[in-house]
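# Reading the structure
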Amino acid sequence: MFGAVRRFGTAHALRAVVPRSTHVRWTPQLFKWQPSSTLSPGLVRSFQTFPALREATAAAAAEAEAETGVKETSEQEIITEFADLQTSGLISPSLIRNITHPSRMGLKTMTDVQSQTINQMLQGVDVLAQAKTGTGKTLAFLIPTMQNILNDPTFVQTRKTGRGRTGASCADIRALIISPTRELAEQIAAEAMKVAANTGLIVQTAVGGTQKSFGLKKMQREGCHLLVGTPGRLKDIFSDPRSGVAAPGLNTLILDEADRLLDDGFSQEIRELQDLFPDPYKVDRQTLMLSATVPREVMRMVDRTMKPDYKFVKTIREDEAPTHMRVPQKAVFMQGYENILPTILDLAKEYKARQSEDPSLRPFKAIIYANATSEVSLYSSVFEELRVSPEDRRRPLGRMAMIEIHSRLTQAGRTAAANNFRRATEAILFSSDVTARGMDFPDVTHVLQVGVPRDRVTYVHRLGRTARANKTGEGWIFLTEGERQHYHKLLNGIPIEEDRTSFPVASYDMTEGLSGEPDSSLAQATRAMAMLPPATRETAWKSQFGTLIPTHGDRRACVAAMNRNAVHGYCLPEPPAISARVAQNLGISRVRDLNVEGPRRNFDDDRRPRSGFGRDSNRGGFGRDSGRGFSRNSDRGSDRGSDRGRRPGGFNDRSPRGRYNNFVDRDSGFGGRSREFKPTRRSTFDDDF
DNA sequence: AAAAAAG
């Protein structure tokens, strides 16, 4: 019913907004794309580096031209300015004023996603929008969603009545926005509040890590029309009948970062959440999904929950070419992980020095991504140590702000970190993947990634934190030789150039000792590391181990590399001992140089002989000589009695490959009898991801 | 031992 009203209200002006470039219509039954307009010349130009995609789009354009006989829509028919949305009667003056007024958001021209989807979304049709990171997706769904609420005759504009009261109810939520991270929810809510200012629309946030009762009281007091939140807390609130919060007339459901929300970890929760909303057959509900990639999970959810006449809008334009095809990216293969902090420090120092000479360079504002929270925290502490050090010569980056963000901080700490980095002109943010998606930090000049990210999409999203809003940026990834294969496989096709020359510190062999120069990055980073509590360093080392094993081809080499890193990077007297159980879970319990704590668990089952294997066979690798040459120990180690099981004549020594495979299967769970086989999923429409 | 997200 509401949908009908909305459609009627805006129908007259719909033709005014004409999609500018590819507007692809998805027909679920046919599984076929039907391009409804042709491509701009700029679009084709942007694919010069991407032959396959170029051919595909050119073919689509030709097909569309043959069908319609129209070559290119004239520019005049396209609404690209926010102001024109008002003059055409599509969007209310108050919303447009909030967006365009210099003292407000100060925006003038719409991005491609905006000009292509606002129209569709205003009609009340379901939309699946695919657009690259940093192209203004948030505003694209906020504007029509709010306008649709305002258009609704049952929406009663409310007014402030003092003491924060508005007279609005929290039991009549009209729109719900779901985000995969708390900070992204907060960011969306902040933007929504700017757009909604003085319209009577009330925006609230519901995320975990905050006091539930506090948020509820606020909603009860102020009311709520548009709620932004994370899945867990939203589910909590809507399944609690005493919360007083309800959405019996929910008209719009938005899944931001839909691919993430519908992947393994989240999909169940999203489905349960959807069950808490009114039946869409009784209350007309529009579903909007926004995503940079459209994998199968998303299509499955689209088929299940969206109206059959939904639109699939895909935007590609020259100035919105995917970040990872546009931004210069370099890979540095380091001597070992012990070189990481000196290398990053060198990069920052070098840029800062250049920037102070060259006013055209923006201040250093970098994000450093690591794969484990404790690693993030440790790196941050090292740089903080360099910052607060009382000795000036040990303050290589001056007073540059060092900020850390990851799930192990309190929510207040996370929120503050995100806001501080947003506002900072010169700073380093040490981050886990909490900020990888959707976060909008203005003017990030560098994105640095330590180690191979967990998947390809994560790499691209992290990189997407830089080079936003027509700014430039650069991406770096720091790796070791052991990861090379995995790196190539995962990021194949992304134009990353290997850099062998920029950072001598990256290839310095730190087992040689640190020579002279106290102001070298090597010495500075190492000194700062040594200042931190050993327990912190041990924890981080163990976590890093956990992330590295799956990305390393050779587990023995990985253990050797991490042993070196423990001593020369983490400045520990010897590699921390890992419990036998953990070692087994990691699939490295039989790697000779591993420092295993306590008695070894015997992993042989009764179908196999128990020749001197297992117990104690790998201990004693770290003694007085622990500071160097762990890999060499293994060669000597074969002479020890405790290693009998590995000597020639042992049951498995003759076919090392077979033994290794057997071992890997059991310990890692891949292909083992107790775990199910999990095939790698490829995105269905991940074009350039 | 490995992000995130409900306590």
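Please refer to the structure placed before this passage.
Right, let's walk through the structure included here.

Rules used in this analysis
Residues numbered from 1 in each chain as written. Chains lettered and ligands numbered in written order. Predicted model: local features only at pLDDT ≥ 70, side-chain atom pairs only at ≥ 80, totals over all residues. Heavy atoms only, no water. Phe/Tyr/Trp six-rings, centres within 6.5 Å; stacked < 30°, edge-to-face > 60°. Helix = DSSP H or I, 4+ residues; strand = E, 2+ residues; numbered from the N terminus. Buried < 20%, exposed > 50% of the residue type's maximum accessible area, 1.4 Å probe, protein only. Expected span 1.5 Å × (residues − 1). Contact = heavy atoms within 4.5 Å. Pairing = 2+ DSSP bridges. Right-handed = clockwise from strand over helix to strand, strands pointing away. Salt bridge = Lys/Arg side-chain N within 4 Å of Asp/Glu carboxyl O. Patch = residues over 30% accessible without salt bridge, like charges linked within 9 Å, V, L, I, M, F, W, Y side chains within 5 Å. Areas by Shrake-Rupley, 256 points an atom, 1.4 Å probe, with all protein chains shown as cover. Lys, Arg positive; Asp, Glu negative; His and termini not counted. Charge placed at Lys NZ, Arg CZ, Asp CG, Glu CD. Axes fitted to C-alpha atoms, helices over the stretch in contact; angles between N-to-C directions. Near = heavy atom within 4 Å. Polar contact = N/O pair within 3.5 Å; in protein donor to acceptor, adjacent residues only side chain to side chain. Nonpolar A, V, L, I, M, F, W, Y, C, P; charged D, E, K, R; others polar. Parallel < 35°, antiparallel > 145°, perpendicular 65-115°, else oblique. Left-handed = near helix turned anticlockwise from the far one by under 90°.

## Brief notes about the packing of aromatic side chains
The tally for this structure, following the rule as stated, stands at 8 aromatic pairs. Taking the centre distance of 5.6 Å and the plane angle of 45° together, the rings of Tyr351 and Phe364 count as tilted. In this pair, Tyr351 sits in helix 15 (residues 340–357) while Phe364 sits in the loop between helix 15 and strand 11 (365–369), placing the two residues 13 residues apart along the sequence. Phe364 matches Tyr351 in its accessibility class, with the two residues each being buried.

## Thoughts on helix 16 (residues 373–388)
Counted at 1.5 Å a residue, the expected span for helix 16 with its 16 residues is 22 Å, and the 22 Å between its end C-alpha atoms agrees. Three or more residues of helix 16 are buried, namely Thr373, Ser374, Glu375, Val376, Leu378, Tyr379, Ser380, Val382, Phe383, Glu385 and Leu386. Turning to helix 16, the residues buried within the fold contact helix 15, strand 12 (401–405), strand 13 (427–431), strand 14 (446–450), helix 21 (521–531) and helix 22 (534–548).

## Some words on the pairing of strand 6 (residues 226–229)
Successive residues of a regular strand alternate their side chains across the two faces of the sheet. Of the two faces of strand 6, the one lined by Leu226 and Val228 and the one lined by Leu227 and Gly229 are each fully buried. Bridge count between strand 4 (residues 175–178) and strand 6: 4 bridges; the pairing is parallel. Each bridged residue has a counterpart across the sheet, and for Ala175 the counterpart in strand 6 is Leu226. Both strand 5 (residues 203–206) and strand 6 contribute to a ladder of 4 bridges, which runs parallel. What sits directly across from Ala206, in strand 6, is Gly229. Between strand 5 and its parallel partner strand 6, the chain crosses via helix 9 (residues 212–222), and the hand of that crossover is right-handed.

## Side note on the pattern of salt bridges
This model, assessed by the stated rule, comprises 28 salt bridges. Across the pair Arg174 and Asp152 runs a salt bridge, and its minimum N-O distance is 3.2 Å. With Arg174 in the loop between helix 7 (137–151) and strand 4 and Asp152 in the loop between helix 7 and strand 4, this pair connects stretches of sequence that are 22 residues apart. Just as Arg174 is buried, Asp152 falls in that class too. With its nearest N and O atoms 2.7 Å apart, the salt bridge here joins Lys235 to Glu272. With Lys235 in helix 10 (residues 231–238) and Glu272 in helix 12 (residues 267–275), this pair connects stretches of sequence that are 37 residues apart. What makes Lys235 partly exposed here is its relative accessible area of 24%.

## Side note on a positive patch on the surface
Taken together, the side chains of Arg271, Arg296, Arg300 and Arg304 define a basic patch exposed on the protein surface. When residues of the positive patch are assigned to their parent elements, the largest contribution, 3 residues, is made by helix 13 (residues 296–305). Examined against the element boundaries, Arg296 turns out to sit in helix 13. When its relative accessible area of 41% is taken as the criterion, Arg296 is described as partly exposed.

## Notes on the sheet that holds strand 5
The 7 strands lie next to each other as 5-6-4-7-8-3-9, forming an open sheet whose pairing is parallel. A single partner strand is all that each edge strand has here, and the edge strands are strand 5 and strand 9 (311–314). Averaged over all pairs of adjacent strands, the angle between strand axes in this sheet comes to 15°, irrespective of strand direction. Along the sheet, helix 6 (residues 112–122) contacts strand 3 (127–130), strand 8 (286–291) and strand 9; its crossing angle with strand 9, the most-contacted strand, is approximately 165°.

## Re the protein's contact with DNA strand B
By nearness alone, 30 residues border DNA strand B, and Gly232, Arg233, Ser407, Arg414 and Ser432 come closest of all. A share of 70% is what sugar and phosphate atoms reach among the atoms of DNA strand B within 4 Å of the protein. Thr373 is positioned with one of its backbone polar atoms (N or O) 3.3 Å from a phosphate oxygen of DNA strand B. Note that a phosphate oxygen of DNA strand B is positioned 2.5 Å from one of the side-chain N or O atoms of Arg414. Looking at the surface near DNA strand B, the elements that each hand over two or more residues are helix 10, helix 22 and helix 24 (580–586). Taken together, the residues of the surface near DNA strand B break down into 7 nonpolar, 15 polar and 8 charged.

## Things to note about the pairing of strand 15 (residues 474–480)
Of all 7 residues in strand 15, 6 are buried, a share of seventy percent or more. Where strand 10 (residues 329–334) meets strand 15, 6 bridges bridge the pair, whose relative direction is parallel. Note that in strand 15 the partner of Phe333 across the bridge is Leu479. The pairing of strand 14 with strand 15 spans 5 bridges and is classified as parallel. Within strand 15, the residue paired with Leu448 across the bridge is Trp476. Considered for its hand, the β-α-β crossover made up of strand 14, helix 18 (residues 456–463) and strand 15 is right-handed.

## Focus on the packing of helix 22 against helix 23 (residues 555–569)
Following both chains from N to C, one finds helix 22 and helix 23 inclined at 155°, their axes separated by 11 Å at the closest point. What the angle tells us is that helix 22 and helix 23 run roughly antiparallel. In this structure, helix 22 meets helix 23 at a crossing whose hand is right-handed. Mapping the contact onto sequence places Trp541, Gln544, Phe545 and Leu548 in helix 22 and Cys558, Val559, Met562, Asn563, Asn565 and Ala566 in helix 23. Within the contact of helix 22 with helix 23, the residues separate by chemical class into 7 nonpolar, 3 polar and no charged.

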